[in-house]
Amino acid sequence: EEANQSLINGLILDSPFSSFKRMVHDVVTTRAKVPTCLINCLLYFVLRTVKKKTGVSLADLNPIKMVEKIKIPGFFMVCKEDVISKPDKVKDLYVKYGCKMKEFHLSPGEHQTSRDNKVVVAAIYFLLKCFDATGAVSYKHLRDHETGRNIVCRLLLEKKKYHDTHTKNDCP
């Protein structure tokens, strides 16, 4: 696990879910009044079918149990009205996240809403800090301006030599 983490400088986690089963329950119960026992029965058959066809157990997708082991800087963002990845569940992931270099940002809107430009720029700055902390690159200039609903960012990067003395386990 640590070897894989050493290859990654930072993570942008946009609407991550804390548990697949919890996410399904949240989505179903916000759209209709369905008894939990019925959701569990249907979920059982869906999970069994997916595992049989793909070999993947969706029931095992439970990031909340593993997140404290992650030692990579993480930027969490979620929309305030998100019913797929509820903000309180994303906040739980953020709180348990294993790296001290982390940020949490709320954006207006729902799950499919374009992220607020300020949050997008904050995510870019976060990644630049992650790269700068490892010595991989340094940034000289970041300029952003809005064009309608899109944001245009220009990054002028200057390559730097990677310092062999730096270890990713330090979690910059």
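Procedures and definitions
Residues numbered from 1 in each chain as written. Predicted model: local features only at pLDDT ≥ 70, side-chain atom pairs only at ≥ 80, totals over all residues. Heavy atoms only, no water. Salt bridge = Lys/Arg side-chain N within 4 Å of Asp/Glu carboxyl O. Helix = DSSP H or I, 4+ residues; strand = E, 2+ residues; numbered from the N terminus. Buried < 20%, exposed > 50% of the residue type's maximum accessible area, 1.4 Å probe, protein only. Pairing = 2+ DSSP bridges. Axes fitted to C-alpha atoms, helices over the stretch in contact; angles between N-to-C directions. Contact = heavy atoms within 4.5 Å.

Focus on the pattern of salt bridges
Under the criterion given, the structure shown has 4 salt bridges. The partner of R115 in a salt bridge is D14, with the nearest N and O atoms 2.9 Å apart. Here R115, found in the loop between β3 (102-107) and α5 (117-134), pairs with D14, found in strand β1 (residues 11-14); they are 101 residues apart in sequence, far enough to count as distant. By relative accessible area, which is 15% here, R115 ends up buried. Among the salt bridges present, the one from D26 reaches R22, with a minimum N-O distance of 3.2 Å. Of this pair, D26 and R22 both sit in helix α2 (residues 20-31), 4 residues apart, roughly one helical turn.

Let's talk about the sheet that holds strand β2 (residues 74-79)
As summarised here, the arrangement of the 3 strands in space is β1-β2-β3, forming an open sheet in which the pairing is parallel. Each having just a single partner strand, β1 and β3 make up the two edges of the open sheet. Pairs of neighbouring strands in the sheet enclose a mean axial angle of 15°, with direction left out of account. Strands β2 and β3 of the sheet are contacted by helix α4 (residues 87-96), whose axis makes an angle of about 170° with β3.

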